[in-house]
Amino acid sequence: MVPHELLQKSDKILFIAHLALGDFTYLQNCFRAFADAYPHIRIHLWVDELRRTARPADWEHLKSYSLYDWLAECPAIAKVYNQTYSPALLKQSMREAQQQAYPIVISLGLLRRNFYAGLARKISPQGFVAGQTKRARLLDIHKHLAYRKLDARIPDYGAKADGKEHISDIYAGWFELLFGLQIAAAARFPFVDIPERWRDYARDQLMQWQFPIDRADRQGRKIFFVNAFSKSVERNWPLERVLALIQAMRRQDRWRDSYFVINVVPEQMGRAQRLFDQNPIEHAHLFSAVDNFFQLPAILSLCDLIISVETAVMHLANAVHVPVVALMRLTSLEWVPIDQANSTIIHVSRPDAWVDSITVEDVMAVMLGQGSP
């Protein structure tokens, strides 16, 4: 889609996306492939905040999004626009981006696609602009007008989001269509390069919890990481059920003396602490990556098994090569963990069911049926 001669003479490119951690887990491979193919082009990334608000009380949480820590360590990306969480900052970021005079702007936004088509053209009035589109009704004139601002259209994501292709295949397909890049299947596997300071942090944290750091020292006892939280209520699992799962596992001889790390999002830590104070569990600790994103993969990498609802944690489990049991809905089947050999998926029983319809007994049946994890 993007003319070869334009790529050869361009010195920078802007990608626009409303990224979650799970998105970047796979998209970073595409950015890396682009950087390898076009080393003379600097990649700039606009991370749009879908929760943008004029309420100052919400800004502190939005501006500390952990994805920004990961992006800051990505060698393929030269610049990140991460100040888009308020209307005023959106305008400020737009003015900054317009001054760059980008020759190429690519919108990967899947929600409000007409908005992002218009945003891309506003940022680069004279450049080559491509973006996601979706079939619009005849009378949705504003959408048709927005899509007409694009020089090229990326085919509707929803047409392929049927579980027959993994999300990594879909993303690689976009970059092949846009730039002619061939990204091999092995190069689509997620990865995370954890800085040594955060590896040291994870080892120190396990020592503080009195967990054995080296697997050889665990004498058959395992460290389990349990995550029940996502950004969407339909993908969450009740925290009370996490406690019940740990108690059920402790009743099994093989896990009686095991260790548990319970992941909690920062805004729920108070409630979680009260719940676990009322129901104390030996060798179990609450955890939250409050200081830096890399706290999370560093801790994950030292665990023996990860149990998680469908969120970034299950993809990061693949990235750090730790087996995962994933609790998932029957929607968005393209988002299953990519490492099938080290991933066990527990699906809900009905297409419209939420993750909380999965019971402790469902998880235990899988745990007991898969041998000693």
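On a predicted model such as this, the values are computed, not experimentally measured, just so you know. (Residues numbered from 1 in each chain as written. Predicted model: local features only at pLDDT ≥ 70, side-chain atom pairs only at ≥ 80, totals over all residues. Heavy atoms only, no water.)

Sheet architecture is open: 6 strands sit in the order β9-β8-β7-β10-β11-β12, paired in parallel fashion. Two strands close off the open sheet at either side, each with one partner strand: β9 (284-287) and β12 (343-347). Direction aside, the axes of adjacent strands within the sheet are offset by 15 degrees on average. Where strand β7 (residues 223-227) meets strand β10 (residues 305-309), 4 bridges bridge the pair, whose relative direction is parallel. (Pairing = 2+ DSSP bridges. Helix = DSSP H or I, 4+ residues; strand = E, 2+ residues; numbered from the N terminus. Axes fitted to C-alpha atoms, helices over the stretch in contact; angles between N-to-C directions.)

Looking now at the nonpolar core. Core analysis: the biggest nonpolar cluster contains 84 residues, and F15, F34, I106, F175, F179 and F225 have the highest contact counts within it. Of all the elements, helix α2 (residues 21-37) adds the most residues to this core, at 9 residues. Non-local contacts of F15, meaning those with residues more than four positions away in its chain, are made with F31, I43, H44, L45, W46, I106, L108, F175 and F179. Counting residues in each nonpolar core, the second largest holds 36 residues, with A228, W237, L239 and F276 among its members. (Core = buried A, V, L, I, M, F, W, Y, C linked by side-chain atoms within 4.5 Å. Buried < 20%, exposed > 50% of the residue type's maximum accessible area, 1.4 Å probe, protein only. Contact = heavy atoms within 4.5 Å.)

Let us now look at the packing of aromatic side chains. Tallying each qualifying case throughout the model produces 25 aromatic pairs. Their ring planes at 75 degrees and their centres at 5.5 Å tell us that Y65 and Y68 sit as a pair that is edge-to-face. Considered together, Y65 and Y68 belong to a single accessibility category, that of buried residues. For the ring pair F224 and F260, a centre distance of 5.3 Å and an interplane angle of 20 degrees mean the geometry is stacked. With F224 in strand β7 and F260 in strand β8 (residues 259-263), this pair connects stretches of sequence that are 36 residues apart. Among the residues examined, F260 registers a relative accessible area of 0% and is labelled buried. Through successive ring pairs, a cluster of aromatic residues spans F15, F24, F31, F34, Y38, W70, F175, F179, F293 and F294. Across the ring face of W255, the terminal group of R254 is positioned such that the distance to the ring centre comes to 4.7 Å. (Phe/Tyr/Trp six-rings, centres within 6.5 Å; stacked < 30°, edge-to-face > 60°. Lys NZ or Arg CZ within 6 Å of the ring centre and 35° of its normal.)

The next thing to look at is helix α8 (residues 167-179). Taking 1.5 Å per residue, 13 residues should reach 18 Å; α8 reaches 18 Å between its end C-alpha atoms and fits that length. Taken together, the buried positions of α8 are occupied by I167, S168, I170, Y171, A172, W174, F175, L178 and F179. Here the buried face of α8 lies against α1 (4-9), β1 (12-17), α2, β4 (104-107), β5 (128-132) and β6 (152-154). Of the residues flanking the end of α8, it is G180, one or two places downstream, whose phi is positive at about 75 degrees. (Expected span 1.5 Å × (residues − 1).)

For the rest of this paragraph, the subject is helix α13 (residues 312-319). For an α-helix the count is 3.6 residues per turn, leaving residues at separations of three or four pointing the same way. Of all 8 residues in α13, 8 are buried; the element is thus mostly enclosed. Among all positions of α13, only A312, V313, M314, H315, L316, A317, N318 and A319 are buried.

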